[in-house]
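# Coordinate inspection notes
Letter by letter, the chains look like this.
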Amino acid sequence: MSRALDAVVVGLGAMGSAVLAELAARGRRVIGLDRFAPPHELGSSHGKSRIIREAYFEDPRYVPLVQRAYERWADLERESGATLVLRTGGLMIGPQQGTLVRGALLSAETHALPHERLNAADARAAYPALRVPDDVMAVREPRAGVLFPEACIAAQLTRARRHGAQIRCDEPALAWATDGAGVDVRTARGRYRAGSLVLCAGAWLARLVPELDLPLAVTRQALYWFEPAANPERFAPERFPIFIWEDEPGRFLYGFPDLGDGVKIARHMEGEPTDPDRVRREVSAAETEALRATMARCVPDAAGRLRQAAVCLYTNTPDQHFIVDRHPAHEQVVIASPCSGHGFKFASALGEVLADLAMGRAPAFDLGLFRLERLRARR
């Protein structure tokens, strides 16, 4: 049994690294456990780039949280000296009454966010690399851009160490049990006693709380980087925004400018179900060609030589909203699965939220959208 700690954090990806750093910066005695050595390529927090955006189509209630995330990423940049964010602007493209455009406009108007409506001709003129058809429109938001996930996690872990956190790599949590006001966490190497436990284990989360029977679906998501086939200058970050495109009802394509590795393009959702310990890591030629067919319609000049493909994991709730809550039977255990493929951008703010929960404080944000009880009610 290790000496008593204030908190144990399980999983040191986007959320775990952020809460570990925040707790350590607040003077807590804290240890972080990860089954691998973060930042790594075996979970959900890699892939060289992540989108950050403000006109949040999923629900206007996310906007205050992402606004705080912008502030905290900027703080971490200043503290670390690393480049973590690149502003490119963003386009949400689709039918005016589609899920994406309608939701982005609702958030923008609800929170008075800077944004512009572009018809198809205006979108094509501004971004000739995008073949926007006449029957759709775009919402342009100036604050959207790119996060660099590996650099973000490395900066959080460096911050955590600087404030005294212990980090245990290649040491997965095997089990935990509460005892009075505290909690014991067992690994293959030992046991840790702490006042609270924060579970940020991503695709492995459900295994750590089997009693909750969480309805989480882990999926394999393919990512692609292409060398532009023509007009490469059009994909430079100063000329090409991040984008999300509802090219068919309920289907989303997203992409990034060429940041030196090629133009990154992928489908949101639609991945095959997988076991996180048995992921098919190779991306097949058939998968690549299916994406090329979509690119031929939407962004044809990007569809040159495939430079790289990779796989990441989504951990999906039925409603695609996050889980951020205390365990219903153990208030000293905090469960965090900001997931469903759109959580990374929030990590800097959720680090504060999770630290508050772990310390028994009331967070500054409304977490009603992320409560566990909603999932039980859906059954």
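Residues numbered from 1 in each chain as written. Predicted model: local features only at pLDDT ≥ 70, side-chain atom pairs only at ≥ 80, totals over all residues. Heavy atoms only, no water.

### Quick notes on the sheet that holds strand 8 (residues 145-147)
Just so we agree on the cut-off: For two strands to count as paired, DSSP must find a minimum of two bridges between them. Strands are runs of DSSP state E lasting at least 2 residues, helices are runs of H or I lasting at least 4, and numbering of each runs from the N terminus. An axis is simply a line fitted to the C-alpha atoms; with a helix, the fit covers only the stretch in contact. Between two such axes, the angle follows the N-to-C directions and lies from 0 to 180 degrees. In what follows, residue pairs with any heavy atoms lying within 4.5 Å of each other are defined as contacts.
Read from one edge of the open sheet, three strands run 3-8-4, paired in antiparallel fashion. Single-partner strands in this sheet number two, and they are strand 3 (50-52) and strand 4 (85-87). Each strand axis lies, on average, 30° off the axis of its neighbour in the sheet, ignoring direction. Bridging between strand 4 and strand 8 involves three bridges; their strand directions are antiparallel. Looking at the pairing, Arg 87 lines up with Gly 145 of strand 8. Set on the sheet, helix 2 (residues 63-80) makes contact with strand 3, strand 4 and strand 8; between it and strand 3 the angle comes to about 120°.

### What about empty space enclosed by the protein?
This is how it is decided: Method remark: on a 1 Å grid restricted to protein atoms, a set of points is classed as a cavity if a 1.4 Å probe fits but cannot get out and as a pocket if it is open with protein on both sides within 12 Å along at least five of seven lines; lining residues have an atom within 4 Å of a point. Grid points are joined across faces, edges and corners, and a volume is the space filled by probe spheres set on the points. Side-chain classes are defined by residue name, with Ala, Val, Leu, Ile, Met, Phe, Trp, Tyr, Cys and Pro counting as nonpolar, Asp, Glu, Lys and Arg as charged, and the others, Gly among them, as polar.
A complete count under the given rule lists one cavity of 30 Å³ or more for this structure. Size it by volume and the largest cavity reaches roughly 80 Å³. What lines the largest cavity is simply Ala 18, Glu 22, Arg 72, Asp 75, Leu 76, Glu 79, Gln 156, Arg 159, Ala 347, Ser 348, Gly 351 and Glu 352. Looking at side-chain class alone, the lining of the largest cavity contains three nonpolar, three polar and six charged residues.

### Quick notes on the nonpolar core
Test applied: Only buried residues count toward a nonpolar core, which is a set of Ala, Val, Leu, Ile, Met, Phe, Trp, Tyr and Cys residues joined through side-chain atoms within 4.5 Å. Each residue's exposure class comes from its accessible area (1.4 Å probe, protein chains only) as a fraction of the maximum for that residue type: buried when under 20%, exposed when over 50%, partly exposed otherwise.
In terms of nonpolar packing, the biggest core is built from 76 residues, with Leu 20, Trp 73, Val 324 and Leu 354 touching the most fellow members. Top element by residues in this core is helix 8 (residues 347-358). It accounts for eight residues. Listed in part, the 58 residues of the second largest apolar core include Val 8, Ile 93, Val 311 and Leu 372.

### Describing the pairing of strand 20 (residues 333-336)
Here strand 20 shows a buried face lined by Val 333 and Ile 335 and a second buried face lined by Val 334 and Ala 336. Two strands pair when backbone bridges link them, and strand 12 (residues 191-199) and strand 20 are joined in this way by three bridges, in the parallel orientation. Its bridge partner being in strand 20, Leu 197 is matched across the sheet by Val 333. Relative to strand 20, strand 19 (residues 324-326) is paired through three bridges, and the arrangement is antiparallel. Bridging from a neighbouring strand, Asp 325 pairs with Ile 335 of strand 20. Between strand 19 and strand 20, which pair antiparallel one after the other, the connecting turn spans six residues.

### Quick look at the environment of Ile 31
On the secondary structure map, Ile 31 appears in strand 2 (residues 30-33). Look at Ile 31 and you get buried, because its relative accessible area is 1%. Each C-alpha atom of the pair Ile 31 and Arg 161 lies 9.8 Å from the other, and the pair is 130 residues apart in sequence. Residues in contact with Ile 31, not counting those within four places in the same chain, are Leu 5, Ala 7, Val 8, Val 9, Leu 20, Gln 166, Arg 168 and Tyr 192.

### With respect to the packing of aromatic side chains
What counts here: Two rings from Phe, Tyr or Trp (for Trp, the six-membered ring) form a pair when their centres are within 6.5 Å of each other. A pair whose planes differ by under 30 degrees is stacked, one over 60 is edge-to-face, and the rest are tilted. A ring is considered to have a charge above it if a Lys NZ or an Arg CZ atom is located within 6 Å of its centre and within 35 degrees of its normal.
What the rule picks out here adds up to 15 aromatic pairs. For the pair Tyr 62 and Phe 370, a centre-to-centre distance of 5.5 Å together with 50° between the ring planes defines the contact as tilted. Here Phe 370 lies in the loop between helix 8 and helix 9 (373-377) and Tyr 62 lies in the loop between strand 3 and helix 2, a separation of 308 residues in the sequence. A network of ring pairs unites the aromatic residues Tyr 56, Tyr 62, Phe 322, Phe 346 and Phe 370 as a single cluster. Lying over the aromatic face of Trp 225, Lys 48 brings its terminal NZ or CZ to 5.2 Å of the ring centre. Here the basic side chain of Arg 53 rests over the ring of Tyr 56, its NZ or CZ set 4.1 Å away from the ring centre.

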